[in-house]
Amino acid sequence: MGELSNRRFKLVEKMKPHSAALIFSGVSKVSSEDEFHPFQVNNNFYYLTGIEQEHSVLLIVKGFSCVKTYLFIDEYSELKEKWTGKRLTNDEARALSDIENVYVYNQLDSVLSMVFSDKDNNDYGNIAYCYLDLSPEIKIGDELSTKEYAKSFREANRRIEIVDVYPLIRDLRMIKSDFEIECISNAIEATSYGITETIRNFKEGVLEYELAEVFRHFGMMHGRRKLSFSTIIAAGKNATCLHYPTQTSKVRTKDMILFDLGYKEHGYSADISRTYPVNGVFAGIHKSIYEAVLNCNKAVIEYARTGMTIADLQAFATETLKSECIRLKLMDKDDDIRKYYYHNVSHHLGLDTHDVSVRERPLENGNVITVEPGLYFANFGIGVRIEDDIVFKDGKAVNLSKSIAKEIKDVERLFKTR
């Protein structure tokens, strides 16, 4: 069984008997009078189909004696291709999704009428439940969300119960397959090359956004890689703002520079943070604060085990950073560490950079999460964050991004050879 077929099989196992799941890819959102934002597929749809095209629908029917899967896509239009680019043919969609029953979008209503008919039939039986992805902001038309669709569907089919499919898919997405881990690992490897290219451009007077553009351009030139998220490049005091947005400052040789970035591989994100001295040499208060964060980063990875929660990791990271700051006399023992460390140490990683999860749930083998402690001292003009991506195997954390330099001697060696 292929990767996508196996995911759909696992979803069917979670569905109620006599049910159907209807999952939409979404549509582009309007940005102005005659323009749309770039289309972003509903990742729950992509997870089950491998299709990134708008106006697409997955229908899975778990009938009385069989399971049938259908994919609906836009009908091929030569004129539409001239305006908006290449569209999948039925054969291409069939090959990508491993779904045999591929139809054009305008056939969806007639198939739904058959599936949700009051009359029993040999294929489906009498369907009693309809699963819809009720995640916020999933649009299936210019003025129609899945929640609004569910309301109209319920009014037209009062005997059928609407069930949110999101929790079922979320639970599947939280446990990564070998294929998914390989995709994340490949994205991290590409990100490592992008980081090396970016630091080659560290110099006095370069603008932060110019460095962000180096990273973006490198990814496009080497595999047309998409960014996991908008690249953050923050020099000096700007690094004390977690999601620093402007990136218009000039970089100074005496600065530390923080970057938070990543590429995608088959939709799966890398999410890496490093903080390096612009001149390639750690010294003084920069070195002390960096070592404190590095010690915490490594300690959390060593500490992490299945059965713990992200809250457990956060508590451990907080105490570790507090101890480091007291040791370095950066704070008194009665001070609040949250003045200098004001974010969480971890989140799940996957198709979304902050991937679907239940944060309170104990960590399991196959979970991929970040480990990203940081310290931010506005009075010194220093912000340091070191972020790795880890996967749990055999109960322990395995660092997928260990090849990206973070030890002081490795960073300084990297700068000498750039």
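Residues numbered from 1 in each chain as written. Predicted model: local features only at pLDDT ≥ 70, side-chain atom pairs only at ≥ 80, totals over all residues. Heavy atoms only, no water.

Asker: Would you mind showing me how to read the sheet that holds strand S19 (residues 388–393) here?
Answerer: Strand pairing in a sheet is mediated by backbone hydrogen bonds. Such pairs are either parallel or antiparallel. Reading across from one edge, S16-S19-S20 is the order of the three strands in this open sheet, with antiparallel pairing throughout. Two strands in the sheet have a free side with no partner beyond their single neighbour: strand S16 (368–371) and strand S20 (396–399). On average, each strand axis in the sheet is tilted by 40° relative to the strand beside it, whichever way the strands run. Alignment of S19 against S20, held across four bridges, turns out to be antiparallel. By the bridge assignment for S20, Lys393 is matched with Lys396. (Pairing = 2+ DSSP bridges. Helix = DSSP H or I, 4+ residues; strand = E, 2+ residues; numbered from the N terminus. Axes fitted to C-alpha atoms, helices over the stretch in contact; angles between N-to-C directions.)

Asker: Is there a simple way to explain the packing of aromatic side chains in this structure?
Answerer: The geometry of two aromatic rings is summed up by the distance between their centres and the angle between their planes. The final tally for this structure, using the stated rule, is 16 aromatic pairs. Relative to Tyr263, the ring of Phe215 has its centre 4.1 Å away and its plane inclined at 0°; by these criteria the two rings are stacked. One end of the pair, Phe215, is in helix H9 (residues 208–221); the other, Tyr263, is in the loop between strand S12 (256–261) and strand S13 (264–265), with 48 residues separating them in the sequence. Here the aromatic rings of Phe259 and Tyr276 are separated by 5.3 Å at their centres, their planes lie at 80°, and the arrangement is edge-to-face. Of this pair, Phe259 sits in strand S12 while Tyr276 sits in strand S15 (residues 272–277); the two residues are 17 residues apart in sequence, bridging distant segments of the chain. There is no split in this pair, since Phe259 and Tyr276 are both buried. (Phe/Tyr/Trp six-rings, centres within 6.5 Å; stacked < 30°, edge-to-face > 60°. Buried < 20%, exposed > 50% of the residue type's maximum accessible area, 1.4 Å probe, protein only.)

Asker: Can you walk me through the pairing of strand S17 (residues 374–377) in this structure?
Answerer: When a strand is regular, its side chains alternate between the sheet's two faces. Of the two faces of S17, the one holding Gly374 and Tyr376 and the one holding Leu375 and Phe377 are both buried throughout. In this sheet, strand S18 (residues 382–385) lies alongside S17 in antiparallel orientation, the contact comprising four bridges. Residue pairing in the sheet places Phe377 in a bridge with Ile382 of S18. Count of turn residues in the S17/S18 antiparallel hairpin: four residues, of which Gly381 carries a positive phi of about 70°.

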